[in-house]
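Close look at the chain arrangement
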Amino acid sequence: MAKPKPLAKPKPVAKPKPVAKPKEKPVDKTSRPTVIDGTDHIAGRLSSNVAKLLLKGSRVSIVNSEKIMISGRKRSIVNEYKEFLEIASILHPKHGPFHPRRPDTIISRMIRGMLPRDKPSGRAALKRLRAYIGIPKELKSLERIQFEKAKIRKPSSMYTTMSELGKDVGWN
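Heads up: these notes are all about the structure in this document.

A short note on the sheet that holds strand β1 (residues 34-37)
Taken together, four strands build an open sheet; the order of strands is β4-β2-β1-β5 and the sheet is parallel. Sheet topology places β4 (129-131) and β5 (144-145) at the edges, where each strand pairs with a single neighbour. In this sheet, β4 lies alongside strand β2 (residues 60-63) in parallel orientation, the contact comprising three bridges. By the bridge assignment for β4, Ile62 is matched with Ala131.

What follows is the structure, given as structure tokens:
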């Protein structure tokens, strides 16, 4: 008698490989930037709103950065910033840290502090940011937006503008 043939083992079914999700949305370099008018905005609130927009992938340009407000007494703001300016390298000041004095670079530095710049998403977001003193010609035709939550609520005499701060710490 012949032995019955053993049944063939079923072949293991290969599991489908997980499809990797795209890490970042491709940003169209030719797309128009979101133009934000910084007039009468509180600096910290404006910065956090702009940081959120940048992390979502949109290009942002801030105009009139010299008219952005910082809440508090002018004397205390200027003294605090001058203390910040005293921080320098022990070896040589050219090695940094570098302290911004112009209003557009001050606001860019504030926004940089709200981005995860050690990660690729934060570095890419910072590259999409532009800040200007006044309104440049190429952005005059575009619509400018303002954040209602970031607008000042008290009289403007209760705030210090970025241009006042810049002039007191060495700009112009």
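Concerning helix α1 (residues 43-56)
Taking 1.5 Å per residue as the helical rise, α1 with its 14 residues ought to reach 20 Å, and the 20 Å between its terminal C-alpha atoms agrees with that figure. Turning to α1, its buried residues are Ala43, Leu46, Ser47, Val50, Ala51 and Leu54. Projection of α1 onto a plane perpendicular to its axis shows the buried side chains occupying an angular sector of 135°, all on one side. More than 90 degrees from the buried face of α1, the exposed residues found are Lys52 and Lys56. Just downstream of α1, Gly57 is the residue with a positive phi angle, here 110°.

Focus on the packing of α1 against helix α3 (residues 103-112)
If you want to describe how two helices pack, look at the angle between their axes and the distance between the axes. Their axes nearest at 9 Å, the elements α1 and α3 cross at an angle of 60°. What the angle tells us is that α1 and α3 run oblique. α3 is crossed by α1, and the crossing has right-handed handedness. Two secondary-structure elements touch here, α1 through Ala43, Gly44, Ser47, Val50, Ala51 and Leu54 and α3 through Ile107, Met110 and Ile111. Class assignment for the residues of the contact of α1 with α3 results in seven nonpolar, two polar and no charged.

Let's talk about the pairing of β1
Pairing analysis gives four bridges linking β1 to β2, with the strands arranged parallel. In the strand pairing of β2, Val35 is matched with Ser61. Bridge count for β1 against β5 is two bridges, and the pairing is parallel. Looking at β5, one finds that Val35 is bridged to Arg144.

What counts and how
Every chain's residues receive numbers from 1 upward, in the order its sequence appears when written. Restriction of local features to residues with pLDDT of at least 70 applies here, the model being predicted, together with a cutoff of 80 or more for giving and counting side-chain atom pairs; totals for whole chains, interfaces and linings are based on all residues. Only hydrogens and water are set aside; all other atoms, that is, all heavy atoms of the structure, feed into the side-chain values. Each pair of strands is called paired provided DSSP finds at least two bridges between the two strands. Strands here mean DSSP runs of E at least two residues long; helices mean DSSP runs of H or I at least four residues long; both are numbered from the N terminus. Given a helix with a known number of residues, its expected span is that number minus one, times 1.5 Å. Note on exposure labels: buried denotes an accessible area under 20% of the residue type's maximum, exposed denotes more than 50%, and partly exposed covers the range between, all computed with a 1.4 Å probe on protein chains only. An arc is given here, and it is the one of the directions from the helix axis to the C-beta atoms. An axis is simply a line fitted to the C-alpha atoms; with a helix, the fit covers only the stretch in contact. Between two such axes, the angle follows the N-to-C directions and lies from 0 to 180 degrees. Roughly parallel means an angle under 35 degrees; roughly antiparallel means over 145; roughly perpendicular covers 65 to 115; every other angle is labelled oblique. The crossing is said to be left-handed when, going from far helix to near helix, the turn is anticlockwise and less than a right angle, and right-handed when the turn is clockwise. For this analysis, residues touch if any pair of their heavy atoms sits within 4.5 Å. We call Asp, Glu, Lys and Arg charged. Ala, Val, Leu, Ile, Met, Phe, Trp, Tyr, Cys and Pro are nonpolar, and the rest, Gly among them, are polar.

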